[in-house]
Amino acid sequence: MKVEELQHEGLKKWIQEAVALMQPEDVYVCDGSQQEYDAMIKKLVDSGMATPLNPQKRPGCYLFRSDPSDVARVENRTYIASKSQDDAGPTNNWLDPVELKKTMTDLYRGCMKGRHMYVIPFSMGPVGSNIAKIGVEITDSEYVVVNMHIMTRVGKKVLDVLGKNGEYVPCLHSVGKPLAAGESDNGKWPCAPLEKKYISHFPETREIWSYGSGYGGNALLGKKCLALRIASVIARDEGWLAEHMLILKITNPAGKSKYICAAFPSACGKTNLAMLVPTIPGWKVETVGDDIAWMKFGKDGRLYAINPEAGFFGVAPGTNMQSNPNAMRSIEKNTIFTNVGMTEDKDVWWEGIGYDAPGKLIDWKGNEWVQDKNNKAQEPAAHPNARFTAPARQCPVMAPEWEDPNGVPVDAILFGGRRPSIVPLVHEAKNWVHGVFMGSIVGSEITTAALDLKAGTIRRDPFAMLPFCGYHMGDYFKHWINIGKKTTEDKLPKIFFVNWFRKTADGKWLWPGYGENSRVLAWIFERCDGTGKAVDTPIGYMPTIDAIQRPEGVSEADMKELLAVDIEGWKKEIADIRENHYPKFGSKLPKELWDELDAIEKRLQK
Ligand code: GTP
Ligand code: SPV
Ligand code: MN
């Protein structure tokens with residue numbers, strides 16, 4: 001489609017300005033069709049950027065290898081450029097919006113020379129639904145176009161909804177590597193060096209400007225940039241919640257269903273929990289979303305959640321037929337793989353896929369790779385943050401209502417993270433504010449989902465939103481408390497804290513995780529139903545030792561450890577929150593949360 005054909009004058013003007021600034025060879029407006037997807041893929045294959053995978057084993061699948069410097073989000077180059085620094089708060093990188101726009105305009109000048117410009121109209125949420133938000137991404141990356149096709153709803157139907165003067169979030173993106181006349185990428189992933197990368201958000205004007213990275217959340221701007229950082233600001237203003245949460249439906253043997261949202265930091269198990277195959281007979285879990293939830297109040301005073309996305313951008317390593325068969329089935333066809341290993345017959349392989357590498361591989365850097373199981377220090381064949389992009393509709397356990405524009409009523413909200421010690425398998429908040437307290441203290445061992453952090457150390461990641469909250473986190477905590485005041489306690493979701501990642505002294509998992517997590521979900525279901533057995537402890541309600549059936553391989557002693565309150569450990573935890581975590585938020589830390597901290601400390605001292 002041509003720019004001249006657009007009905008929306010504002011949109012046309014914005015595109016024309018971008019063209020004048022970025023100077024692409026030509027401009028193409030995406031219509032979201034299959035032909036368009038196929039043509040884009042062909043271009044990517046012809047240029048050597050994409051490798052078609054084995055058409056028998058992986059029909060419609062393609063492999064990309066990114067630049068080794070461009071393999072994950074870059075938190076230290078991600079900015080919340082609100083007018084006042086205080087509005088961005090202590091947890092976000094801030095730059096003055098006027099200064100930042102100046103810097104980035106200079107970078108954008110001529111940045112698309114030798115490249116095509118694509119205009120991607122997309123909807124987060126079902127097209128036309130009154131909770132959906134429209135964005136338009138301008139990009140010079142075909143990789144972004146095909147990924148956006150899968151991750152969002154793209155094209156003509158979005159433009160129809162937008163009409164002549166509809167609202168949209170403008171999302172500017174360039175890989176930041178102009179080409180000289182006659183020059184091509186030669187199959188090499190284009191991006192800019194780290195110090196030139198900017199992933200910028202302008203919350204007041206609701207704009208996104210991204211430069212220099214082609215990877216994941218840095219470049220697919222509907223996801224973390226729009227659906228979380230910008231949407232969290234809109235949600236604050238409008239009285240709803242935009243969260244880094246999976247949404248699942250769980251049905252008990254009697255056929256009764258409940259909906260659960262769960263916030264875990266990046267690479268801490270959302271996709272896996274969302275698609276879980278229960279190990280307990282008679283229970284069923286279905287998927288509504290695996291990464292982002294938008295929650296709004298219904299007329300009945302309950303919170304309803306929608307998944308604004310249309311696909312999964314999931315972590316490949318560790319995904320296998322045992323751990324997540326539904327993800328494995330979702331990625332059998334029509335899937336884009338980024339930074340995984342490739343076998344000689346052009347299938348994919350990664351660490352933790354469930355079987356040894358079948359012969360020689362090409363690793364994610366494009367080099368020959370032979371598995372050496374005796375060499376513990378061998379570099380992996382797949383990058384630890386290697387990902388698959390797959391259409392949600394391919395997941396065999398999508399809940400039929402996953403695209404319901406009204407969303408699903410939320411019965412429970414879970415928080416969690418990777419905590420090798422102290423935090424038990426599950427505990428339940430006494431009330432909403434106690435639950436907000438739980439969300440505010442989420443901590444997790446750092447994973448490889450962000451480039452610039454030291455994997456393995458524990459950092460606080462409140463509500464799993466540390467890298468995704470578009471405003472002052474103290475105000476965000478307050479917003480959560482206020483949400484609780486908009487309805488009655490009985491209509492609010494119950495809040496729980498889970499931890500699948502306890503380890504033994506010799507570093508083994510204390511809890512088998514994955515499908516076995518269904519045992520904990522069943523208890524949560526029962527608690528919401530008013531039946532599950534619990535004891536009152538200083539940190540909240542916990543299952544009695546017999547309330548959760550013990551999985552095979554977990555001894556009675558293990559179970560006791562998983563469900564014990566580590567009083568001394570929690571005292572240290574509380575002290576750390578008091579001395580290091582909460583003070584960061586200064587006067588914006590809601591008094592209610594200090595009160596919760598005092599109360600829990602008192603209970604621990606008894
Ligand atoms: P993002 O897409 O980055 O937001 O990640 P996510 O939260 O969806 O995490 P995902 O489900 O992709 O899991 C990340 C890693 O954690 C994978 O390597 C999984 O194999 C591993 N994992 C997930 N669930 C469990 C579990 O219950 N126990 C253990 N031990 N590992 C798990
Ligand atoms: C995450 O890091 O939480 C992701 C991947 O889901 S990305 O889209 O790159 O943010
Ligand atoms: Mn995520």
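Not measured: the values here are computed from a predicted model.

Colleague: So what's going on with the pattern of salt bridges? Residues and values would help.
Modeller: Evaluated as defined, the whole model comprises 45 salt bridges. Of the charged contacts, one joins E75 and R73 as a salt bridge, the two residues approaching to 3.0 Å between their closest N and O atoms. E75 sits in the buried class, given a relative accessible area of 15%. The network of salt bridges with shared partners includes K223, K224, K270, D291 and E309.

Colleague: Outline the sheet that holds strand 18 (residues 336–338), listing residues and values.
Modeller: With respect to topology, five strands assemble into an open sheet ordered 2-3-18-23-17, the strand pairing being mixed. Both outer strands of the open sheet, strand 2 (50–52) and strand 17 (311–315), are each paired with one neighbouring strand and no more. Taken pair by pair, the neighbouring strands of this sheet meet at an average axis angle of 20°, ignoring direction. When strand 17 meets strand 23 (residues 387–391), the two strands line up antiparallel, connected through five bridges. Note on strand 23: the bridge partner recorded for V315 is R387.

Colleague: Give a description of unusual backbone geometry that names residues and reports values.
Modeller: Notably, N186 is not glycine yet its phi reads approximately 55°, a positive angle. Residue position: N186 is located in the loop between strand 8 (169–174) and strand 9 (198–202). The exposed category is assigned to N186, whose relative accessible area is 68%. At I422, a residue that is not glycine, the phi angle is positive and equals roughly 65°.

Colleague: Quick one: what's the story with the site of ligand 1, residue by residue and with numbers?
Modeller: Near ligand 1 there are 22 residues, and of these A267, K270, N272, R387 and Y514 occur at the shortest range. Contact between ligand 1 and Y514: an oxygen atom at 2.7 Å from a side-chain N or O atom of the residue. Residue N517 places a side-chain N or O atom 3.0 Å away from an oxygen atom belonging to ligand 1. When isolated, ligand 1 has an accessible area of 660 Å², and the protein chains bury 93% of it. Elements with a minimum of two residues in the shell around ligand 1: helix 9 (270–274) and strand 17. Per-element accounting of the shell around ligand 1 gives the leading share, three residues, to helix 9. Two domains each provide a minimum of three residues to the shell around ligand 1, namely domain 2 (243–307 + 402–605) and domain 3 (312–394).

Colleague: Summarise helix 12 (residues 473–485); cite the residues concerned and give the values.
Modeller: Here helix 12 spans 19 Å end to end across 13 residues, near enough to the 18 Å set by a 1.5 Å rise per residue. Listed in full, the buried residues belonging to helix 12 are M473, G474, Y476, F477, H479, W480, I481, I483 and G484.

Colleague: Could you give an account of the site of ligand 2, with specific residues and numbers?
Modeller: Around ligand 2 lies a shell of 12 residues, among which R73, G217, K223, K224 and S266 are the nearest. Summarising the interface, the protein chains cover 97% of the accessible area of ligand 2, which totals 280 Å² for the free molecule. Secondary-structure elements contributing two or more residues to the shell around ligand 2 are helix 7 (216–219) and helix 8 (222–238). When grouped by side-chain class, the residues that make up the shell around ligand 2 number three nonpolar, four polar and five charged.

Colleague: Which residues make up the domain arrangement of the protein chain, and what values do they have?
Modeller: Split into domains, the protein chain comes out as domain 1 (3–30 + 73–238), domain 2 (243–307 + 402–605) and domain 3 (312–394). Between the C-alpha centres of domain 1 and domain 2 there is a distance of 32 Å. With 32 residues of domain 1 in contact, the opposing surface of domain 2 contributes 31 residues. Where domain 1 packs against domain 2, one counts five salt bridges.

Colleague: Give a detailed account of the nonpolar core, specifying residues and quantitative values.
Modeller: Nonpolar side chains tend to gather and get buried jointly when the protein is soluble and globular. One finds W294, F337, W350, I413, F415 and W480 to be the most contacted residues of the largest nonpolar core, which totals 130 residues. Here this core takes nine residues from helix 8, the largest share from any one element. Apart from residues lying up to four places away in sequence, W480 is in contact with L241, E243, M245, I413, F415, W432, V436 and F463. Core analysis: the next-biggest nonpolar cluster, separate from the first, contains 35 residues, I260, C268, L273 and F496 among them.

Colleague: How would you summarise the packing of aromatic side chains if you had to cite specific residues and measurements?
Modeller: For the structure on display, the rule yields 27 aromatic pairs. With a centroid separation of 4.8 Å and an interplanar angle of 70°, the aromatic rings of F64 and Y143 are classed as edge-to-face. A residue pair is termed long-range when its members are at least 10 positions apart, and F64 in strand 3 (residues 62–64) and Y143 in helix 5 (residues 142–151) qualify at 79 residues. With relative accessibility at 3%, the residue Y143 sits in the buried group. For the ring pair Y79 and Y198, a centre distance of 5.7 Å and an interplane angle of 35° mean the geometry is tilted. Here Y79, found in strand 4 (residues 78–80), pairs with Y198, found in strand 9; they are 119 residues apart in sequence, far enough to count as distant. There is no split in this pair, since Y79 and Y198 are both buried. One aromatic cluster is present, formed by F415, W432, F463, Y471, Y476, F477, W480 and F585 through successive ring pairs.

Colleague: Help me get a handle on the coordination of the manganese ion (ligand 3), residues and values and all.
Modeller: For a metal with four tetrahedral donors the ideal donor-metal-donor angle is 109.5 degrees, while six octahedral donors give ideal angles of 90 or 180 degrees. Surrounding the manganese ion (ligand 3) are the protein donor atoms K224 (NZ), H244 (NE2) and D291 (OD), which sit 2.2 to 2.5 Å from the metal. One way to put it: the six donor atoms around the manganese ion (ligand 3) meet at angles of 62 to 176°, and that makes the site irregular.

Colleague: I'd like a description of the packing of helix 15 (residues 567–581) against helix 16 (residues 591–605), backed by residues and values.
Modeller: Two elements in contact, helix 15 and helix 16, have axes separated by 10 Å at closest approach and are oriented at 155°. As judged from the angle between their axes, helix 15 and helix 16 are roughly antiparallel. Between helix 15 and helix 16 lies a crossing whose hand is left-handed. For the pair helix 15 and helix 16, the contacting residues are I567, W570, K571, I574, I577 and R578 in the first and W594, L597, D598, I600, E601, L604 and Q605 in the second. Among the residues making up the contact of helix 15 with helix 16, the classes are represented as eight nonpolar, one polar and four charged.

Rules and cut-offs
Per-chain numbering applies: the sequence of each chain, read as written, is numbered from 1 onward. All chains are assigned letters beginning with A, and all ligands numbers beginning with 1, in the order in which they are written. Side-chain atom pairs in this predicted model are given and counted only at pLDDT of 80 or more, local residue features only at pLDDT of at least 70, and totals for whole chains, interfaces and linings cover all residues. The side-chain quantities take in all heavy atoms of the structure and omit both hydrogens and water. The working definition used for a salt bridge is a side-chain nitrogen of Lys or Arg within 4 Å of a carboxyl oxygen of Asp or Glu. Categorising residues by exposure relies on relative accessible area from a 1.4 Å probe, with only protein chains included: less than 20% of the type maximum marks a residue as buried, more than 50% marks it as exposed, and the intermediate range marks it as partly exposed. At least two DSSP bridges between two strands are needed for those strands to be called paired. Put simply, DSSP marks the helices as runs of H or I at least four residues long and the strands as runs of E at least two long, and each gets a number from the N terminus on. Only the contacting stretch of a helix is used when fitting its axis, a line to C-alpha atoms as for every element, and angles between N-to-C directions run 0 to 180 degrees. Throughout this document, a residue counts as near a molecule or strand when at least one of its heavy atoms sits within 4 Å of that molecule or strand. For the purposes of these results, a polar contact is taken to be a pair of N or O atoms within 3.5 Å, where, inside protein, one atom must be able to donate a hydrogen and its partner to accept one; residues adjacent in sequence count only when each atom of the pair is a side-chain atom. Accessible areas in this description were obtained via Shrake-Rupley with a 1.4 Å probe; residue shielding takes into account the shown protein chains only. Note: domain ranges come from an automatic or database domain assignment. Expected helix span is taken as 1.5 Å per residue step, with the number of steps being one fewer than the number of residues. Three classes are used: nonpolar for Ala, Val, Leu, Ile, Met, Phe, Trp, Tyr, Cys and Pro, charged for Asp, Glu, Lys and Arg, and polar for all others, with Gly counted as polar. Contact between two residues is taken to exist if any of their heavy atoms lie within 4.5 Å; hydrogens are not considered. To define a nonpolar core, start from buried Ala, Val, Leu, Ile, Met, Phe, Trp, Tyr and Cys residues and group those joined through side-chain atoms within 4.5 Å. Ring geometry is summarised as follows: Phe, Tyr and Trp rings, the Trp one being its six-membered ring, pair when their centres sit within 6.5 Å, and such pairs are stacked at plane angles under 30 degrees, edge-to-face over 60 and tilted between the two. Counted as donors are the N, O and S atoms within 2.8 Å of the metal, or 3.2 Å for Na, K and Ca, while water is not among the atoms, so some sites may look incomplete. For a four-donor site, all angles between 85 and 135 degrees give tetrahedral; for four or six donors, opposite pairs above 155 degrees with the remaining angles between 65 and 115 give square planar or octahedral; all remaining cases count as irregular. Throughout this description, any angle smaller than 35 degrees is read as roughly parallel, any larger than 145 degrees as roughly antiparallel, any in the 65 to 115 degree range as roughly perpendicular, and the remainder as oblique. Crossing handedness follows the turn of the near helix against the far one: under a right angle anticlockwise gives a left-handed crossing, and clockwise gives a right-handed one.

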